[in-house]
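What follows is each chain in one-letter form.
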Amino acid sequence: GQLRETLTALARAYLNIILSQDGLSFFRVVVADAPRFPELAHRFYVAGPDVMTAMISELLASATASGELELSGLEREAAARLFINLVRSEPQLQCLTHPHATPSTKQIDQWIDAAVTTFMRAFGRERHKSV
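What you are looking at is a predicted structure, and each value in this text was computed from that prediction instead of being measured.

Caption draft 1: Highlighting the overall build of the chain. When helices and strands are tallied, the chain shows seven helices and zero strands. Seen through its principal axes, the chain has C-alpha atoms that stretch 50 × 35 × 20 Å. The 131 residues of the chain split such that 32% are buried. Of all intrachain contacts in the chain linking residues separated by at least 6 positions in sequence, the fraction that spans at least 24 positions is 76%. On the chain, roughly 7,900 Å² of surface is accessible, and the fraction owed to carbon and sulfur atoms is 58%. Computed over 13 positive and 14 negative side-chain charges, the separation of the two mean positions in the chain equals 4 Å.

In structure tokens, the structure reads:
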């Protein structure tokens, strides 16, 4: 019954990890060395993004079962990946391309709100009641 709040909390936790200096540095190294060390890149993906996808997917399963969410035939895992990409895309890109700039709490809040609002408008029960 608290899907928006839970998605917001998960988005904040995720951004705190991936936008940290360590998170950004590790990401840069893994991506840069992925062609030379594909197994390392795969392990990074399985230990990071795949774990987050599984967590979000389980949340979406509960929200779908309770009627809070309508995925309109989209698989849960695909919806979870869409949400994660909404959360990660602009913040991570900005931080990767502006290494000496630190986003403010207000900016992070805006990114999170935009991602959660977009996802809820696409799949939230309230949207589907009026359709």
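Caption draft 2: Focus on the pattern of salt bridges. Summed over the entire model, instances satisfying the criterion amount to five salt bridges. In this structure, the salt-bridge partner of R12 is D109, at a minimum N-O distance of 2.8 Å. Taken as a pair, R12 in helix α1 (residues 3-18) and D109 in helix α6 (residues 105-123) lie far apart in primary sequence, 97 residues in all. The partly exposed category is assigned to D109, whose relative accessible area is 32%. Note that R43 is salt-bridged to E39, the shortest N-O span being 3.2 Å. Taken together, the positions of R43 and E39, both in helix α3 (residues 38-47) and four residues apart, correspond to about one turn of that helix. A residue is classified by how much of its surface remains accessible, and R43, at 55% relative accessible area, is exposed. When its relative accessible area of 46% is taken as the criterion, E39 is described as partly exposed.

Caption draft 3: Inspection of the environment of V30 at higher detail. Tracing the chain through its elements places V30 in helix α2 (residues 21-33). V30 gets classed as buried once you look at its relative accessible area, which sits at 4%. Setting aside residues up to four positions removed in sequence, V30 forms contacts with A41 and F44.

Caption draft 4: Inspection of the nonpolar core at higher detail. Formed by 30 residues in total, the largest nonpolar core has its most connected members in L7, I56, L69, F83 and F119. Looking at which element gives the most residues to this core, the answer is α6, with eight residues. Apart from the residues lying within four places of it in its own chain, the contact partners of L69 are L3, L60, A63, T64, F119, F123, G124 and R125.

Caption draft 5: Structural context of the side chain of T53. Mapping T53 onto the fold places it in helix α4 (residues 49-65). Once residues within four sequence positions are removed from consideration, T53 is found in contact with E77, A80, R81 and I84.

Caption draft 6: Spatial organisation of the packing of aromatic side chains. Taken as a whole and judged by the stated rule, the model has four aromatic pairs. Centroid distance F83 to F119: 5.3 Å. Interplanar angle 70°. Geometry classified as edge-to-face. Of the two residues, F83 is situated in helix α5 (residues 76-97) and F119 in helix α6; the sequence distance between them amounts to 36 residues. Taking relative accessible area as the criterion, F119 reaches 1% and is therefore assigned buried.

Analysis parameters
- Residues numbered from 1 in each chain as written.
- Predicted model: local features only at pLDDT ≥ 70, side-chain atom pairs only at ≥ 80, totals over all residues.
- Heavy atoms only, no water.
- Helix = DSSP H or I, 4+ residues; strand = E, 2+ residues; numbered from the N terminus.
- Buried < 20%, exposed > 50% of the residue type's maximum accessible area, 1.4 Å probe, protein only.
- Contact = heavy atoms within 4.5 Å.
- Areas by Shrake-Rupley, 256 points an atom, 1.4 Å probe, with all protein chains shown as cover.
- Lys, Arg positive; Asp, Glu negative; His and termini not counted.
- Charge placed at Lys NZ, Arg CZ, Asp CG, Glu CD.
- Salt bridge = Lys/Arg side-chain N within 4 Å of Asp/Glu carboxyl O.
- Core = buried A, V, L, I, M, F, W, Y, C linked by side-chain atoms within 4.5 Å.
- Phe/Tyr/Trp six-rings, centres within 6.5 Å; stacked < 30°, edge-to-face > 60°.

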